Amino acid sequence: MMGTLSAFLFALFGIGVLILVHEWGHFWVARRAGLTVQEFSIGIGPPLLRWRGRDGVVYNLRLLFLFAGFVRILEIEQDLLQQPSSPFARPAREILRRVAVIAAGPATNLLLAALLLFVYSLWEAGLRYTTEIAAVVKGSPAEKAGLRPGDEIVGFAFLRPAIPYSRAFRNELLCYITSHPQKPIRLWVRRDFQEFQVVVVPNKRTLYALTYRPDPKAKGWQQWLQRWLGRLEPRTVGMIGVVFKTEPIPAISVRERLKWAFPLTLAHLGDAVRQITLPLTQPILLREVSGPIRIVYEVVASRWRGMMEQIRLFAFISFALAVVNLFPLPLLDGGRILFLLVELVSRRRIYNLEVKATYIGFAFLIALFLFITLKDLHFVLIGRGQP
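Bear in mind that the values here come from a model prediction, so they are computed numbers and not experimental data.

Asks: Give me the overall build of the chain: which residues, what numbers.
Replies: Per the secondary structure count, the chain includes 11 helices and 9 strands. Taking the principal axes of its C-alpha atoms as reference, the chain extends roughly 85 × 55 × 45 Å. Put simply, the chain has 387 residues, and 40% of those count as buried. Of the accessible surface of the chain, which amounts to about 22300 Å², a share of 66% is contributed by carbon and sulfur atoms. One way to put it: in the chain the 47 positive side-chain charges average out to a point 3 Å from where the 27 negative ones average out.

Asks: So what about the pattern of salt bridges? Which residues, and what values?
Replies: Counted by the stated rule, this structure contains 21 salt bridges. With a closest N to O distance of 3.0 Å, Arg 98 and Glu 94 form a salt bridge. Of this pair, Arg 98 and Glu 94 both sit in helix α3 (residues 92-125), 4 residues apart, which is roughly one turn of that helix. With a closest N to O distance of 3.7 Å, Arg 349 and Glu 343 form a salt bridge. One salt-bridge network, in which partners are shared between bridges, spans Asp 79, Arg 90, Glu 94, Arg 97, Arg 98, Arg 336, Glu 343, Arg 349 and Glu 354.

Asks: Tell me about the environment of Arg 31, residues and numbers included.
Replies: Turning to its location among the elements, Arg 31 is positioned in helix α1 (residues 4-32). For Arg 31, a relative accessible area of 35% corresponds to the partly exposed category. When residues no more than four places from it in sequence are discounted, the contact partners of Arg 31 are Val 37, Asp 55 and Val 57. Only 3.1 Å separates the side chain of Arg 31 from the side chain of Asp 55, close enough to count as a polar contact.

Asks: So what's going on with the side chain of Arg 98? Residues and values would help.
Replies: Assessed through its relative accessible area of 6%, Arg 98 is described here as buried. A distance of 3.0 Å separates the side chain of Arg 98 from the side chain of Glu 94, its partner in a polar contact. When sequence neighbours within four positions are dropped, the list of residues in contact with Arg 98 reads Glu 75, Ile 76, Asp 79, Arg 90 and Leu 340.

Asks: Lay out the packing of α3 against helix α9 (residues 307-325) with the relevant residues and their values.
Replies: Where α3 contacts α9, the two axes come as close as 8 Å, and the packing angle between them is 160°. Of the possible angle classes, the one that applies to α3 and α9 is roughly antiparallel. As α3 packs across α9, the resulting crossing turns out to be left-handed. For the pair formed by α3 and α9, the contact residues are Pro 106, Asn 109, Leu 110, Leu 112, Ala 113, Leu 116, Leu 117, Val 119, Tyr 120 and Trp 123 on the first element and Met 308, Glu 309, Ile 311, Arg 312, Phe 314, Ala 315, Ser 318, Phe 319, Leu 321, Ala 322 and Asn 325 on the second.

Asks: Mind laying out unusual backbone geometry, listing which residues take part and the relevant values?
Replies: Residue Asp 192 is not a glycine yet carries a positive backbone phi of 50°. If you trace the backbone, Asp 192 turns up in the loop between β5 (185-191) and β6 (194-200). Residue Asp 192 is classed as exposed on the basis of its relative accessible area, which comes to 61%. Notably, Leu 331 is not glycine yet its phi reads approximately 80°, a positive angle. Counting through the fold element by element, Leu 331 comes out in the loop between α9 and α10 (333-346).

Asks: Mind laying out the environment of Leu 269, listing which residues take part and the relevant values?
Replies: Take Leu 269: it is sitting in helix α7 (residues 254-281). On the basis of relative accessible area, Leu 269 is assigned to the partly exposed category, the value being 22%. Separated by 45 residues in the primary sequence, Leu 269 and Trp 224 place their C-alpha atoms 23 Å from one another. Every residue in contact with Leu 269, bar those within four places of it in the chain, is listed here: Ala 114, Leu 117 and Phe 319.

Asks: Kindly report on the nonpolar core, identifying the contributing residues and their values.
Replies: Counting residues in each nonpolar core, the largest one holds 40 residues, and the members touching the most others are Phe 27, Val 37, Phe 40, Ile 73, Val 101 and Phe 314. When residues of this core are traced back to their parent elements, those giving at least two are α1, β1 (37-52), β2 (58-73), α3, α8 (292-301), α9 and α10. No other element matches α1, which puts 11 residues into this core. Sequence-distant contacts of Val 37, that is, excluding residues within four places in its chain, are made with Phe 27, Ala 30, Arg 31, Val 57, Val 71, Arg 72 and Ile 73. Grouped together as the second largest cluster of nonpolar side chains are 17 residues, Ile 153, Leu 173, Val 200 and Ile 240 included.

Asks: Describe in detail the packing of helix α2 (residues 74-81) against α3, supporting the description with residues and values.
Replies: Between α2 and α3, whose axes approach to 11 Å, the crossing angle comes to 105°. Here α3 runs roughly perpendicular to α2, going by the angle between their axes. Taken together, the residues of α3 that come into contact with α2 (itself represented by Glu 75, Ile 76 and Asp 79) are Arg 98, Val 101 and Ile 102.

Asks: If you had to explain the packing of aromatic side chains to someone new, which residues and values would you point to?
Replies: On inspection of all chains with the given rule, the structure shows 11 aromatic pairs. An angle of 75° between the planes, with centres 5.6 Å apart, marks the rings of Phe 10 and Phe 314 as edge-to-face. Of the two residues, Phe 10 sits in helix α1 while Phe 314 sits in helix α9, which places them 304 residues apart along the sequence. With respect to class, Phe 10 is no different from Phe 314; both count as buried. Between the aromatic rings of Tyr 297 and Phe 379, the centroid separation amounts to 5.6 Å while the plane-to-plane angle is 85°, which identifies the pairing as edge-to-face. With a gap of 82 residues between them, Tyr 297 in helix α8 and Phe 379 in helix α11 (residues 351-383) connect regions that are remote in the sequence.

Thresholds, definitions, all that
- Residues numbered from 1 in each chain as written.
- Predicted model: local features only at pLDDT ≥ 70, side-chain atom pairs only at ≥ 80, totals over all residues.
- Heavy atoms only, no water.
- Helix = DSSP H or I, 4+ residues; strand = E, 2+ residues; numbered from the N terminus.
- Buried < 20%, exposed > 50% of the residue type's maximum accessible area, 1.4 Å probe, protein only.
- Areas by Shrake-Rupley, 256 points an atom, 1.4 Å probe, with all protein chains shown as cover.
- Lys, Arg positive; Asp, Glu negative; His and termini not counted.
- Charge placed at Lys NZ, Arg CZ, Asp CG, Glu CD.
- Salt bridge = Lys/Arg side-chain N within 4 Å of Asp/Glu carboxyl O.
- Contact = heavy atoms within 4.5 Å.
- Polar contact = N/O pair within 3.5 Å; in protein donor to acceptor, adjacent residues only side chain to side chain.
- Axes fitted to C-alpha atoms, helices over the stretch in contact; angles between N-to-C directions.
- Parallel < 35°, antiparallel > 145°, perpendicular 65-115°, else oblique.
- Left-handed = near helix turned anticlockwise from the far one by under 90°.
- Core = buried A, V, L, I, M, F, W, Y, C linked by side-chain atoms within 4.5 Å.
- Phe/Tyr/Trp six-rings, centres within 6.5 Å; stacked < 30°, edge-to-face > 60°.

Pasting the structure below:
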């Protein structure tokens, strides 16, 4: 398990890599498209490191490297700084070159998210989930019933399967525990080659599960979105306060890992899509939108999960970064692409509208950035305390 300092440094490094990959996508496609790249910067504010490469590009590492980055491209910069000499649209090839360069940033973040989830799935495919107890939460029903690390649950109620370590038995055991909140349950436990029965009363907890059944109070378009994108529904479950052990599957072949890794990767990408789309069906989830400060906090707070779980977390962050940048808002990549596509379809330059929208979008994003930063600081310093 990582310590607090190493987890903090890993979080800073991870965010820096996500920004670097995003800007490198713009940079690489711009060079391939024949556009003039003037500057490549990670972060905003005064530069900490600055050098000029042999390619003539100025490279910067700036003070606030956690918050943003940018690539200055001469042709795209002049689109906003110089009044066009003609009201008619540029050639379609010029417009599509710019679209490709701007879309490359989110595209590289999507590719990075898929790659990280594939690495995580390769690791996950080699694990076997057991019913051996790895840890017991202090003061939990399991501790009160006398369960301790090393105990193995081999049956429940009157069920004694022939293979208690199978995935099917583990799933049945979890369903049995969660479906009996505040009701006594009987578990068969193996300890030191001896088996005995234990009666445990699970605590009552409220968790949120994904469902595609619309909320009866939802109306119109919201009901349609919930039917197709799903929503989170509160459910009462039972928990006994144990963590089950996972162990590597002995002698699993690379071919077998790959066989399971690809469907697992698709499943995790589906989870990432749902995390992005759920706020559309339940706007209250928008209050959970966070910035770099909250991300660093969550990485440090979840350090006990291990390196691979941190990689999975950064994969979801990379996916979210790509989707957010594609929102059709001025100054974001999606906003620039929208104006270029309007020019391509209408065959007219909309320079004045784009400049005004850029100023308004800049003010909006600054206000949103300050709001999210203050909200994250409140959460870290007051809402939850130190990780």
